[in-house]
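A structural walkthrough
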Amino acid sequence: MAVIGGIIGSGIFLNPAIVAQRAATGRLTLFTWLLGGAVAVAGAFCFAELGHRRPRAGGGYVYLREAFGGLPAFLYAWALLLIIATGAIAAVAVTFASYAAPLLGLGEPAVPALAVGAIVVLSAVNYVGVAPGATVQNVFTVLKMAALLLIVVAGLGLLGAPDPPLACTPCPETVAPRGVGDTALAVGTALVPVLFAYGGWQQTNYIAEEIIEPRRNLPRALILGVGVVVTVYLLANFAYLRTLGTDGLAASSAPATETLEAYLGAAGRTVIAAGIAVSTFGFLDLVILVSPRVYQAMAKDGLFFPALARLHPRFRTPATAIVLQAAWAVLLLRSGKYGELLDWVVFGDWIFFALNAAAIFVFRARDLRAGIDPAPPGQFRVPGYPWTPAFFILASVYVLAGSVASNPRNAVLGTLLLAAGVPVYRYWSRRRAGPAG
């Protein structure tokens, strides 16, 4: 549930239109989603081995620290706290509120307050324990899967024939790419929104210490969860294409809404609005649940405020880290700049994806030098090593290059924000070392 909930947000309901615009044909659209699924599966394999090797709270922070040292690990946690996790919380809370407000009979002015309320409520739920947060995650993951399965059922024709008109009359025609070069370029540009829609499988590793038998269950959860998401995403896109057509999907501003509306009328629009609200609320809960474990691990290493390392005496949660995260996310939301801030560092997420996959090469090389079998029987290891992690690293580098090329200014600003963490790391490192003797 955590893996599925960490991946499925609003992307599968909205991004397929962008993918169809760039891929231009139905076959290329489905192929791009399949290729993105292969990248996600490769990422799941990499993080499954890492989680099996180091089943500790903090996930990527722990892997980077033990493979490459304290600075890369700190910069990861720094970026997560400053923008990646908190910016995502702010942005997703606004998306949730935008869809939930009309369902609750509230006007647009209520959206900011509703977004803040969602952050506060879910932070409070996760403050009092992992079990309540996990229960919320499980319930909302089931509900978001139900919304997607309804789209699939409709697209397979099990709800009857769709009522025209569909997305547009007439639809502007997409132009199919010609030749290998044009096709590769079309798939490459379409892959970026696909990979963002598939992102999030790594978040479950943050709570490894709180999973029952993590060495066995974390790899299983990652592989099964990503496999379910890939299957559902492919079926959902098949439903969009079957209902709207390639041109209609490319011209759509809300493909999930228009697909269900074609079969269920106005009720379909209401159902999918509720589905998106549920999906984003569940995703919000997952980010709030898992991210504080990274700040806790950083503070436990003496690299941030000590209060963040302490667990609540009764609830056994990183309570101060949860409160800090919520407060900063609300400030980003109220500033109105959270979307821009998130863009600055979104490419940084893929830098750390690549570094985490590279950590597998480091750990295996150490095993060989120490005379330890790097792939002992009964232990989970990445299938197809070294090609699988290499493929994932190349995909991460591609996303990074695409982000830089599409918006160099934001890439520079994101780099500066990461660089600002270097003196902070130096300060806490000196403080941890204490006065010179």
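Data block above holds the structure.
One structure accompanies this document, and this report is about it. All of these numbers come straight from a predicted model, not from anything done at the bench.

Topic: the overall build of the chain
A count of helical and extended segments in the chain gives 18 helices and 0 strands. Taking 22 Å as the expected radius of gyration for a compact globule of 437 residues, we find that the chain reaches 22 Å, a close match to that expectation. Principal axes of the C-alpha set define a box for the chain whose edges measure 80 × 50 × 45 Å. Residues counted as buried form 52% of the 437 residues belonging to the chain. Summing over all exposed atoms, the chain offers an accessible surface of approximately 17,900 Å²; the carbon and sulfur share of this is 67%. Both charge centroids of the chain, one from 29 positive and one from 19 negative side chains, sit 11 Å from each other.

Topic: the pattern of salt bridges
One pass over the structure, following the stated rule, counts 9 salt bridges. Where R65 meets E66, a salt bridge forms, and the shortest distance between an N and an O atom there is 3.2 Å. Classification of R65 as partly exposed rests on a relative accessible area of 25%. Residues participating in the shared-partner salt-bridge network are R54, R56, R65, E66 and D301.

With respect to unusual backbone geometry
A cis amide bond links Y385 to the next residue, P386, at an omega of 5 degrees. In this structure, P386 sits in the loop between α15 (338–369) and α16 (387–406). Here the phi dihedral of A24 falls at roughly 75 degrees; this positive angle occurs in a residue that is not glycine. Mapped onto the secondary structure, A24 falls in the loop between α3 (16–23) and α4 (26–53).

Some points on the side chain of R293
Within the element layout of this structure, R293 appears in helix α13 (residues 292–300). Its relative accessible area of 0% is what places R293 among the buried residues. At 2.6 Å, the side chain of R293 forms a polar contact with the backbone oxygen of L289. With residues up to four places along the chain from it excluded, the contact list for R293 reads A57, G58, V130, Y206, I207, E210, T317, P318 and I322.

Re the side chain of D367
Structurally, D367 is set in helix α15. Residue D367 is classed as buried on the basis of its relative accessible area of 12%. A polar atom in the side chain of D367 sits 3.0 Å from the side chain of R53. Apart from residues lying up to four places away in sequence, D367 is in contact with R53, I372 and P374.

Points about the packing of α4 against helix α9 (residues 179–198)
For the pair α4 and α9, interaxial distance at closest approach is 8 Å and the crossing angle is 55 degrees. What the angle tells us is that α4 and α9 run oblique. The crossing of α4 and α9 is right-handed. Each of L28, F31, T32, W33, L35, G36, G37, V39 and A40 in α4 lies in contact with α9, whose residues at this interface are T183, V187, A190, L191, V194, L195, A197 and Y198. By residue class, the composition of the contact of α4 with α9 is 13 nonpolar, 4 polar and no charged.

A closer look at the nonpolar core
The nonpolar side chains of a soluble globular protein tend to be buried, and buried together. Y61, I151, W201 and Y233 are the most contacted members of the largest nonpolar core, which totals 126 residues. In terms of residue count, helix α6 (residues 70–103) provides more of this core than any other element does, 20 residues in total. What Y61 contacts, discounting residues up to four positions off in sequence, is A73, F74, Y76, A77, V294, A297, M298, D301 and L303.

Reading guide: rules and limits
Residues numbered from 1 in each chain as written. Predicted model: local features only at pLDDT ≥ 70, side-chain atom pairs only at ≥ 80, totals over all residues. Heavy atoms only, no water. Helix = DSSP H or I, 4+ residues; strand = E, 2+ residues; numbered from the N terminus. Rg over C-alpha atoms; globule rule 2.2 N^0.38 Å. Buried < 20%, exposed > 50% of the residue type's maximum accessible area, 1.4 Å probe, protein only. Areas by Shrake-Rupley, 256 points an atom, 1.4 Å probe, with all protein chains shown as cover. Lys, Arg positive; Asp, Glu negative; His and termini not counted. Charge placed at Lys NZ, Arg CZ, Asp CG, Glu CD. Salt bridge = Lys/Arg side-chain N within 4 Å of Asp/Glu carboxyl O. Polar contact = N/O pair within 3.5 Å; in protein donor to acceptor, adjacent residues only side chain to side chain. Contact = heavy atoms within 4.5 Å. Axes fitted to C-alpha atoms, helices over the stretch in contact; angles between N-to-C directions. Parallel < 35°, antiparallel > 145°, perpendicular 65-115°, else oblique. Left-handed = near helix turned anticlockwise from the far one by under 90°. Nonpolar A, V, L, I, M, F, W, Y, C, P; charged D, E, K, R; others polar. Core = buried A, V, L, I, M, F, W, Y, C linked by side-chain atoms within 4.5 Å.

Such coordinate-based values are descriptive only and should not be taken to indicate function.
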